[in-house]
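Reading the structure
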Amino acid sequence: MFEQVLKLVKQYPRIIIHRHSYPDGDAIGSQIGLATLLKDNFKDKEVYMVGDPATRLPFIDVAMDEIPDEYYTNALAIVLDCGGSHMVCDKRYATAAATVRIDHHIKCDTVAQVEVIDSTFESASGMVALFAKECGLKLSLQSATMLYMGMVTDSGRFAFDSVSARTFELAAFLMSQPIDLNTLNYDLNAEDFSEILNKADNMHKIKFTNNNVAYIYTPREELPASDATIVSTGLVGLMRDIKGVHVWVNFTESDDGVHCELRSNRPNINPIAVKYGGGGHKKASGCIVPDKQTAMKLLADLDEIAITE
């Protein structure tokens, strides 16, 4: 599965690792995990990570590299966890001598010259773990911890139906290193009390369509002093366990439009995200639309597919 990737890694003296903007646990976990893996196994290579900081995961104390444009000359750029070219954190990847994408999203467009895409994986981190396992690479504690974190977060703590026997086999492979699960789980789950109170307030804002699509809409003036993407992804989980709800969506207004986080536990909501310029997975997708009017059209489309349930 990864023969071409390994060949290119061996061929190029400099490797620059990208992922999607506003990184979640899988994006940043696969990026740091792969960078560490390559540094540990290919001591003669220059390995860099680029992109915006992991504001969603403040406990990640790993800075991204600032590199000049000329570093892409005679370099291999690897893009991780990115369903489309518009989502790549640093567009300079396209100027590299060779490009690779490793991804588990439903494919929207071609991003790289060599693409290893498998939407049956629960995470891109799981794919990097398989890369390490298949290629017989040495696994360090740092690499294992970051890849495990990516698998855990993108699988909903191993609860989503993207989880398979392979998921647990790869998790067991990573657990061959002494990962500190207590610390990792605390870091992933701990919240400021103010955030807990804010979630409680937002519980009261949940509304329902005629066909029981749950949604929260947060206008720009009600947005707390934090990143809109963090708010949007944080609130969508509030509706996950409501009895009788099989489709839910969170809308958050921001300076660049309305962030839409779409979720489902039955129908495929990905085509609707794609229709509005986004993408993702069958049951977890997202997009940004220009205004509330468009967001309500998206909500109506979700309501229509909920009729079939």
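That block above? That's the structure.
Before going into details, it helps to say that this report is about the structure given with it.

What follows concerns the overall build of the chain. Scanning the chain from terminus to terminus reveals 10 helices and 11 strands. Relative to the globule expectation of 19 Å for 309 residues, the C-alpha radius of gyration of the chain, 19 Å, shows essentially globular dimensions. A principal-axis box enclosing the C-alpha atoms of the chain has dimensions of 60 × 40 × 40 Å. For the chain, with 309 residues in total, the buried portion stands at 54%. Intrachain contacts of the chain at a sequence separation of at least 6 include 62% that bridge at least 24 residues. For the chain, the accessible area works out to roughly 14,100 Å², and carbon and sulfur atoms hold 51% of it.

The subject of this paragraph is the nonpolar core. One recurring pattern in soluble globular proteins: nonpolar side chains tend to sit buried together. Leu34, Leu38, Leu76, Ile78, Phe131 and Leu174 are the most contacted members of the largest nonpolar core, which totals 52 residues. Take this core: its biggest share by element is 7 residues, from helix 4 (residues 141-154). If we skip the residues at most four places from it in the chain, leucine 174 touches Ala129, Leu139, Ala144, Leu147, Tyr148, Met151 and Ile179. Counting residues in hydrophobic clusters, the runner-up holds 20 residues, among them Val213, Ile269, Val289 and Leu299.

What follows concerns the pattern of salt bridges. Considering all chains together, one arrives at 14 salt bridges under this definition. One salt bridge connects glutamate 115 with arginine 101, and the closest N-O pair in it is separated by 3.0 Å. Of this pair, glutamate 115 sits in strand 5 (residues 114-117) while arginine 101 sits in strand 4 (residues 98-103), and the two are 14 residues apart along the sequence. Classification of glutamate 115 as partly exposed rests on a relative accessible area of 22%. Among the residues examined, arginine 101 registers a relative accessible area of 0% and is labelled buried. Salt-bridge contacts for arginine 220 lead to aspartate 255; the nearest nitrogen and oxygen are separated by 3.1 Å. With a gap of 35 residues between them, arginine 220 in the loop between strand 7 (214-218) and helix 8 (228-236) and aspartate 255 in the loop between strand 8 (247-254) and strand 9 (257-264) connect regions that are remote in the sequence.

This part takes up the pairing of strand 11 (residues 284-289). In the sheet, strand 9 pairs with strand 11 via 6 bridges, with the strands oriented antiparallel. Within strand 11, the position partnered with cysteine 260 by the bridge is cysteine 287. Of the pairings in the sheet, the one linking strand 10 (residues 279-280) to strand 11 comprises 2 bridges and is antiparallel in character. Paired with glycine 279 across the bridge in strand 11 is glycine 286.

With that out of the way, let us pick up the packing of aromatic side chains. A complete count under the given rule lists 6 aromatic pairs for this structure. Summarising the aromatic geometry, the rings of phenylalanine 2 and phenylalanine 131 are spaced 5.5 Å apart at their centres and angled 65° between planes, so their arrangement reads as edge-to-face. With phenylalanine 2 in the segment before helix 1 (3-11) and phenylalanine 131 in helix 3 (residues 124-134), this residue pair connects regions lying 129 residues apart in the sequence. Judged by relative accessible area, which is 1%, phenylalanine 2 ranks as buried. Given a relative accessible area of 1%, phenylalanine 131 falls into the buried group.

As a further point, take the environment of arginine 166. Relative to the elements of secondary structure, arginine 166 occurs in helix 5 (residues 165-174). Residues arginine 166 and glutamate 122 lie 44 residues apart in sequence; the distance between their C-alpha atoms is 9.5 Å. Contacts of arginine 166, omitting those with residues within four sequence positions, involve Asp118, Thr120 and Phe121.

What follows is about helix 2 (residues 25-41). Taking 1.5 Å as the rise per residue, helix 2 with 17 residues should run 24 Å; its terminal C-alpha atoms sit 23 Å apart, in good agreement. Counting buried residues along helix 2, 15 of its 17 residues qualify, which places the element largely inside the surrounding structure.

If you check the backbone angles, aspartate 81 has positive phi at about 55° while not being a glycine. Here aspartate 81 lies in the loop between strand 3 (75-80) and strand 4. Of note, the phi angle at asparagine 212 is positive, near 70°, even though the residue is not glycine. The residue asparagine 212 is located in the loop between strand 6 (207-208) and strand 7 in this model. The exposure class assigned to asparagine 212 is partly exposed, which follows from its relative accessible area of 31%.

Here is what the cut-offs are and how they apply
Residues numbered from 1 in each chain as written. Predicted model: local features only at pLDDT ≥ 70, side-chain atom pairs only at ≥ 80, totals over all residues. Heavy atoms only, no water. Helix = DSSP H or I, 4+ residues; strand = E, 2+ residues; numbered from the N terminus. Rg over C-alpha atoms; globule rule 2.2 N^0.38 Å. Buried < 20%, exposed > 50% of the residue type's maximum accessible area, 1.4 Å probe, protein only. Contact = heavy atoms within 4.5 Å. Areas by Shrake-Rupley, 256 points an atom, 1.4 Å probe, with all protein chains shown as cover. Core = buried A, V, L, I, M, F, W, Y, C linked by side-chain atoms within 4.5 Å. Salt bridge = Lys/Arg side-chain N within 4 Å of Asp/Glu carboxyl O. Pairing = 2+ DSSP bridges. Phe/Tyr/Trp six-rings, centres within 6.5 Å; stacked < 30°, edge-to-face > 60°. Expected span 1.5 Å × (residues − 1).

Take it as geometry only, folks, not as evidence of what the structure does.
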